[in-house]
Amino acid sequence: MRSLKISEVMWNHIEPIRCGTPLTKVVKALLDNHVTGLPVVDDKRQVLGFVSEQDCIHSLLVSNYHSEGEPIVDDVMFHKPLTVSPEMSVIDLAQNLGAGKPKVYPVVDHGKLVGIVTRTAILSQLAKSGNTIEKQRFANAED
(Lines give C-alpha, C1' and ligand atoms only; values in the text may rest on other atoms or scores of the structure.)
Protein backbone atom coordinates (compact mmCIF):
# COMPACT_ATOMS: atom_id res chain seq x y z
CA MET A 1 0.00 0.00 0.00
CA ARG A 2 1.45 3.32 -0.96
CA SER A 3 1.82 5.92 1.74
CA LEU A 4 -1.80 7.03 1.89
CA LYS A 5 -2.36 10.25 3.84
CA ILE A 6 -5.17 11.17 6.19
CA SER A 7 -6.20 13.94 3.77
CA GLU A 8 -7.17 11.22 1.28
CA VAL A 9 -9.60 9.43 3.63
CA MET A 10 -10.87 12.23 5.87
CA TRP A 11 -14.37 13.66 5.70
CA ASN A 12 -14.41 17.39 5.09
CA HIS A 13 -18.14 17.86 4.51
CA ILE A 14 -19.29 17.63 8.14
CA GLU A 15 -20.03 20.89 9.91
CA PRO A 16 -18.31 21.06 13.32
CA ILE A 17 -20.12 21.97 16.51
CA ARG A 18 -19.84 25.57 17.75
CA CYS A 19 -19.50 26.52 21.40
CA GLY A 20 -22.85 27.28 23.02
CA THR A 21 -24.75 24.72 20.94
CA PRO A 22 -27.56 23.00 22.88
CA LEU A 23 -26.96 19.28 23.35
CA THR A 24 -30.16 18.32 21.53
CA LYS A 25 -28.72 19.98 18.40
CA VAL A 26 -25.41 18.21 18.97
CA VAL A 27 -27.23 14.86 19.14
CA LYS A 28 -29.08 15.67 15.91
CA ALA A 29 -25.76 16.46 14.18
CA LEU A 30 -24.22 13.19 15.42
CA LEU A 31 -27.20 11.15 14.24
CA ASP A 32 -27.55 12.96 10.91
CA ASN A 33 -23.86 12.45 10.12
CA HIS A 34 -23.67 8.86 11.44
CA VAL A 35 -20.63 9.61 13.60
CA THR A 36 -19.90 8.94 17.27
CA GLY A 37 -18.36 12.32 17.94
CA LEU A 38 -17.58 15.75 16.51
CA PRO A 39 -15.05 18.49 17.14
CA VAL A 40 -16.13 21.71 18.83
CA VAL A 41 -14.65 24.84 17.25
CA ASP A 42 -14.58 28.61 17.61
CA ASP A 43 -15.40 31.12 14.86
CA LYS A 44 -11.92 30.65 13.33
CA ARG A 45 -12.35 26.84 13.19
CA GLN A 46 -9.77 26.29 15.91
CA VAL A 47 -10.54 23.07 17.79
CA LEU A 48 -11.56 23.83 21.36
CA GLY A 49 -12.90 20.42 22.29
CA PHE A 50 -14.62 17.24 21.23
CA VAL A 51 -18.08 15.90 22.06
CA SER A 52 -19.11 12.26 21.82
CA GLU A 53 -22.33 10.29 21.96
CA GLN A 54 -21.28 9.05 25.39
CA ASP A 55 -20.87 12.64 26.67
CA CYS A 56 -24.35 13.51 25.41
CA ILE A 57 -26.04 10.43 26.81
CA HIS A 58 -24.74 10.99 30.31
CA SER A 59 -25.49 14.71 30.34
CA LEU A 60 -28.99 14.36 28.90
CA LEU A 61 -29.80 11.60 31.39
CA VAL A 62 -28.76 13.76 34.31
CA SER A 63 -30.44 16.94 33.03
CA ASN A 64 -33.70 15.09 32.25
CA TYR A 65 -33.74 13.32 35.60
CA HIS A 66 -33.13 16.50 37.56
CA SER A 67 -35.12 18.77 35.19
CA GLU A 68 -32.19 21.17 35.06
CA GLY A 69 -32.87 22.60 31.63
CA GLU A 70 -31.01 21.97 28.41
CA PRO A 71 -27.24 21.59 28.72
CA ILE A 72 -24.89 23.06 26.12
CA VAL A 73 -21.88 21.47 24.48
CA ASP A 74 -19.42 23.59 26.51
CA ASP A 75 -20.59 21.79 29.67
CA VAL A 76 -19.80 18.28 28.43
CA MET A 77 -17.10 18.47 25.75
CA PHE A 78 -13.64 17.04 26.27
CA HIS A 79 -11.27 20.02 26.29
CA LYS A 80 -8.03 18.43 25.08
CA PRO A 81 -8.89 16.21 22.11
CA LEU A 82 -6.30 14.28 20.15
CA THR A 83 -5.93 15.70 16.65
CA VAL A 84 -4.10 14.50 13.55
CA SER A 85 -2.48 16.22 10.59
CA PRO A 86 -3.79 15.78 7.03
CA GLU A 87 -0.24 14.76 6.10
CA MET A 88 -0.12 11.90 8.62
CA SER A 89 0.07 8.41 7.16
CA VAL A 90 -3.06 6.26 7.41
CA ILE A 91 -0.82 3.37 8.46
CA ASP A 92 0.69 5.43 11.30
CA LEU A 93 -2.75 6.33 12.64
CA ALA A 94 -3.98 2.74 12.26
CA GLN A 95 -1.04 1.50 14.32
CA ASN A 96 -1.99 3.90 17.13
CA LEU A 97 -5.67 2.92 17.25
CA GLY A 98 -6.67 0.69 20.10
CA ALA A 99 -8.77 0.30 23.18
CA GLY A 100 -9.41 3.58 24.91
CA LYS A 101 -8.45 5.62 21.84
CA PRO A 102 -10.89 7.93 20.05
CA LYS A 103 -13.07 6.61 17.25
CA VAL A 104 -13.06 10.01 15.53
CA TYR A 105 -10.11 12.37 15.17
CA PRO A 106 -10.29 16.04 14.21
CA VAL A 107 -7.92 16.74 11.31
CA VAL A 108 -6.12 20.04 11.89
CA ASP A 109 -3.93 21.98 9.47
CA HIS A 110 -2.15 25.16 10.59
CA GLY A 111 -4.32 25.31 13.70
CA LYS A 112 -7.65 25.04 11.86
CA LEU A 113 -10.08 22.16 11.50
CA VAL A 114 -10.13 20.80 7.95
CA GLY A 115 -12.06 17.55 8.51
CA ILE A 116 -12.43 14.43 10.60
CA VAL A 117 -11.16 10.91 10.18
CA THR A 118 -12.98 7.92 11.64
CA ARG A 119 -11.93 4.42 12.58
CA THR A 120 -14.44 3.25 9.99
CA ALA A 121 -12.64 5.20 7.24
CA ILE A 122 -9.28 3.73 8.32
CA LEU A 123 -10.73 0.20 8.49
CA SER A 124 -12.35 0.59 5.08
CA GLN A 125 -9.09 1.75 3.52
CA LEU A 126 -7.12 -1.10 5.08
CA ALA A 127 -9.70 -3.61 3.84
CA LYS A 128 -9.54 -2.18 0.31
CA SER A 129 -5.76 -2.36 0.35
CA GLY A 130 -5.80 -5.92 1.64
CA ASN A 131 -3.09 -7.86 -0.11
CA THR A 132 -1.61 -4.80 -1.77
CA ILE A 133 0.28 -3.80 1.37
CA GLU A 134 3.91 -4.08 0.45
CA LYS A 135 5.76 -6.64 2.50
CA GLN A 136 9.31 -5.89 3.45
CA ARG A 137 11.66 -8.14 1.60
CA PHE A 138 14.64 -9.64 3.31
CA ALA A 139 17.68 -10.99 1.55
CA ASN A 140 18.33 -14.64 2.13
CA ALA A 141 21.37 -16.78 1.62
CA GLU A 142 20.26 -17.76 -1.90
CA ASP A 143 20.09 -14.14 -3.20
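Data block above holds the structure.
First, a word on what this report is: a plain description of the structure on this page. Each chain carries its own residue numbering, running from 1 in the written order of its sequence. Given that the model is predicted, a residue must reach a pLDDT of at least 70 before its local features are reported, and side-chain atom pairs must reach 80 or more before they are shown or counted; all residues, however, enter totals for whole chains, interfaces and linings. Note: side-chain values were computed over all heavy atoms of the structure, leaving out hydrogens and water.

A run of H or I in DSSP becomes a helix once it reaches four residues, and a run of E becomes a strand once it reaches two; helices and strands are each numbered from the N terminus. Across its full length, the protein holds five helices and five strands. What you see in the protein, going N to C, is helices and strands ordered as β-α-β-β-α-α-α-β-β-α. A 1.4 Å probe rolled over the protein chains alone gives each residue an accessible area, and that area as a share of the maximum for its type sets the label: buried under 20%, exposed over 50%, partly exposed in between. Taken over 143 residues, the protein has a buried fraction of 36%. If you take every contact in the protein between residues at least 6 apart in sequence, the share linking residues at least 24 apart comes to 60%. Split by element, the accessible area of the protein, about 9200 Å² in all, is 52% carbon and sulfur. Contacts are assigned to residue pairs that have any heavy atoms within 4.5 Å of one another. In these tables, accessible area is a Shrake-Rupley quantity obtained with a 1.4 Å probe, and a residue counts as shielded only by the protein chains included in the view.

Another aspect to go through is the environment of Cys56. Locating Cys56 in the fold gives a position in helix H2 (residues 53-66). Sequence separation between Cys56 and Val27 is 29 residues, and the spatial gap between their C-alpha atoms is 7.0 Å. Not counting residues within four places of it along the chain, the set of residues in contact with Cys56 comprises Leu23, Val26, Val27, Leu30 and Val51.

Positionally, Ile14 belongs in the segment before strand S1 (17-18). The exposure class of Ile14 is buried, given its relative accessible area of 10%. On a C-alpha basis, the gap between Ile14 and Ile116 in space is 8.0 Å, while along the polypeptide they are 102 residues apart. In contact with Ile14, other than residues within four places in its own chain, are Asn33, Val35, Leu38 and Ile116.

What follows is about the pattern of salt bridges. Each salt bridge in this description consists of a side-chain nitrogen of Lys or Arg and a carboxyl oxygen of Asp or Glu lying within 4 Å of one another. As enumerated under the stated definition, the model contains three salt bridges in all. Between Lys28 and Asp32 there is a salt bridge, with its nearest N and O atoms 2.7 Å apart. Residue Lys28 and its partner Asp32 are located together in helix H1 (residues 23-33), separated by four residues, close to a single helical turn. The exposure class assigned to Asp32 is partly exposed, which follows from its relative accessible area of 47%.

Right, let's get into the pairing of strand S4 (residues 104-109). With five of its six residues buried, S4 lies for the most part within the structure. Bridging between S4 and strand S5 (residues 112-118) involves six bridges; their strand directions are antiparallel. Paired with Val107 across the strands is Gly115, a residue of S5. Pairing between strands is defined by DSSP: at least two bridges between the two strands are required. Hairpin connection between S4 and S5: a loop of two residues separates the two successive antiparallel strands, and His110 in this loop has a positive phi of roughly 50°.

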